[in-house]
Amino acid sequence: MRQVMLLALTLLASSVAAAGTPVQPYQRLLDDAASKNGKVHGYILPSGQYFTHLVVGQSTDGSARALLMHCDVKQCQGATHIIGDVGATIESVTVTDLAGNAPTTFETTRPAFSTDFTELSWSNTPATAPVGALVIKTMHTEPSADTDRNGDVVKGTAARGSLTILSMQKAPQGPLLQHETLRRGASGAGVATTFTFVRTNKHALLDVHASEQKLLDDRSRCLPPDPITYMFTINKGRYTIAGKRPPLGGC
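Residues numbered from 1 in each chain as written. Predicted model: local features only at pLDDT ≥ 70, side-chain atom pairs only at ≥ 80, totals over all residues. Heavy atoms only, no water.

K.L.:
Would you take a moment to explain the side chain of Ser-187 for this structure?
P.N.:
Structurally, Ser-187 is set in the loop between strand S10 (177-184) and strand S11 (190-198). Apart from the residues within four sequence positions on either side, Ser-187 is in contact with Asp-146, Val-154, Asp-217 and Asp-218. (Helix = DSSP H or I, 4+ residues; strand = E, 2+ residues; numbered from the N terminus. Contact = heavy atoms within 4.5 Å.)

K.L.:
Help me understand empty space enclosed by the protein, please; the structure alone is not making it clear to me.
P.N.:
Gaps between atoms show up when a probe of the same size as a water molecule is rolled over them. Counted under the stated rule, the structure contains one cavity of 30 Å³ or more. Its boundaries defined by the atoms lining it, the largest cavity holds a volume of some 50 Å³. Residue lining of the largest cavity: 10 residues in total, with Phe-51, Leu-68, His-81, Ser-167 and Gln-173 positioned closest to the centre. Elements with a contribution of two residues or more to the lining of the largest cavity: strand S5 (75-86) and strand S9 (153-167). (1 Å grid on protein atoms, 1.4 Å probe; cavity = no way out; pocket = protein on both sides within 12 Å on 5 of 7 lines; lining within 4 Å. Points joined across faces, edges and corners; volume = space filled by probe spheres on them.)

K.L.:
Would you mind going over the nonpolar core with me for this structure?
P.N.:
Where a protein is soluble and globular, its nonpolar side chains tend to be buried together. Judged by nonpolar contacts, the single largest core of 18 residues is most densely connected at Leu-45, Leu-54, Val-56, Val-93, Leu-134 and Ile-136. Elements represented by at least two residues in this core include exactly strand S3 (53-59), strand S4 (63-71), strand S6 (89-97) and strand S8 (132-147). Other than its neighbours up to four places away in sequence, Leu-54 contacts His-41, Gly-42, Tyr-43, Leu-45, Ala-66, Leu-67, Leu-68, Val-93, Phe-117 and Leu-134. Judged by nonpolar contacts, the second largest core, of 16 residues, contains Leu-177, Phe-195, Tyr-230 and Tyr-239. (Core = buried A, V, L, I, M, F, W, Y, C linked by side-chain atoms within 4.5 Å. Buried < 20%, exposed > 50% of the residue type's maximum accessible area, 1.4 Å probe, protein only.)

K.L.:
Before we go on, may I ask you to explain the sheet that holds S6 in this structure?
P.N.:
Strand pairing within a sheet occurs via backbone hydrogen bonds; the two strands may be parallel or antiparallel. The strand order S6-S8-S9-S10-S11-S12-S13-S14 describes an open sheet built from eight strands, whose pairing is antiparallel. With partners counted over all chains shown, the strands left at the sheet margins are S6 and strand S14 (238-242), one partner each. Mean inter-strand twist for the sheet, computed between neighbouring axes without regard to direction, equals 25°. As paired strands, S11 and strand S12 (residues 207-215) are joined by nine bridges and run antiparallel to one another. Across the sheet, residue Ala-192 finds its bridge partner in S12, namely Gln-213. (Pairing = 2+ DSSP bridges. Axes fitted to C-alpha atoms, helices over the stretch in contact; angles between N-to-C directions.)

K.L.:
Is there a simple way to think about the pattern of salt bridges in this case?
P.N.:
Here the idea is simple: oppositely charged side chains can pair when their charged atoms come close. Throughout the structure, instances matching the rule amount to four salt bridges. Taking the shortest distance from any N to any O, the salt bridge between Glu-180 and Arg-183 comes out at 2.6 Å. Residues participating in the shared-partner salt-bridge network are Asp-85, Arg-160, Glu-180 and Arg-183. (Salt bridge = Lys/Arg side-chain N within 4 Å of Asp/Glu carboxyl O.)

Everything listed is a geometric property; what it means functionally is a separate question.
This is the structure:
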């Protein structure tokens, strides 16, 4: 899913006017499939970071995207990231200071898909020198059919969720972290993972705690196994697993 594309836009007036409306830079950059039938929302980001604006978009015909822009009085420059599958919906957008305190949740703001830029505030109390990161969650669902453990064909809805953490520091660079939050088939079997920021004494920036739960199919008579937990920490500009990820048990 990782992909970064660069753009340069030259427009006049203030930084907000230079960005235009949220749909303008989005359509200029993306292919027809991604912008067709698209829903777009723009945000003005907290000051003090390299990126000043964010545009997120989703479409039934293209992958979900996040467009990060640095705008001054004359022009905007930035990069776009693929953050979800084709047809995925954007579930939440949050901006967090990785040098600040640990917020209790990732979900704060769901896009309203308006035609204007709206302000996006910090989800936690920022430090004196904030290290900004955008946290975006997407979800994709579709009708599907699975074969359960008994060999029977089961029809239902398959779902795949994704978490993307993007740095608000200077581009180009890939996501700090990109990971599934949910992978569930029509039978109900799959894996669900919950992520939270945590503050430790070992690191200057927030770590990410993951709790991964195996999901059993709807006809299973097994008891669900206990979730496994592991940590991600910043290493060379990316969140990587600290230590070893425990095996996911269960029948």
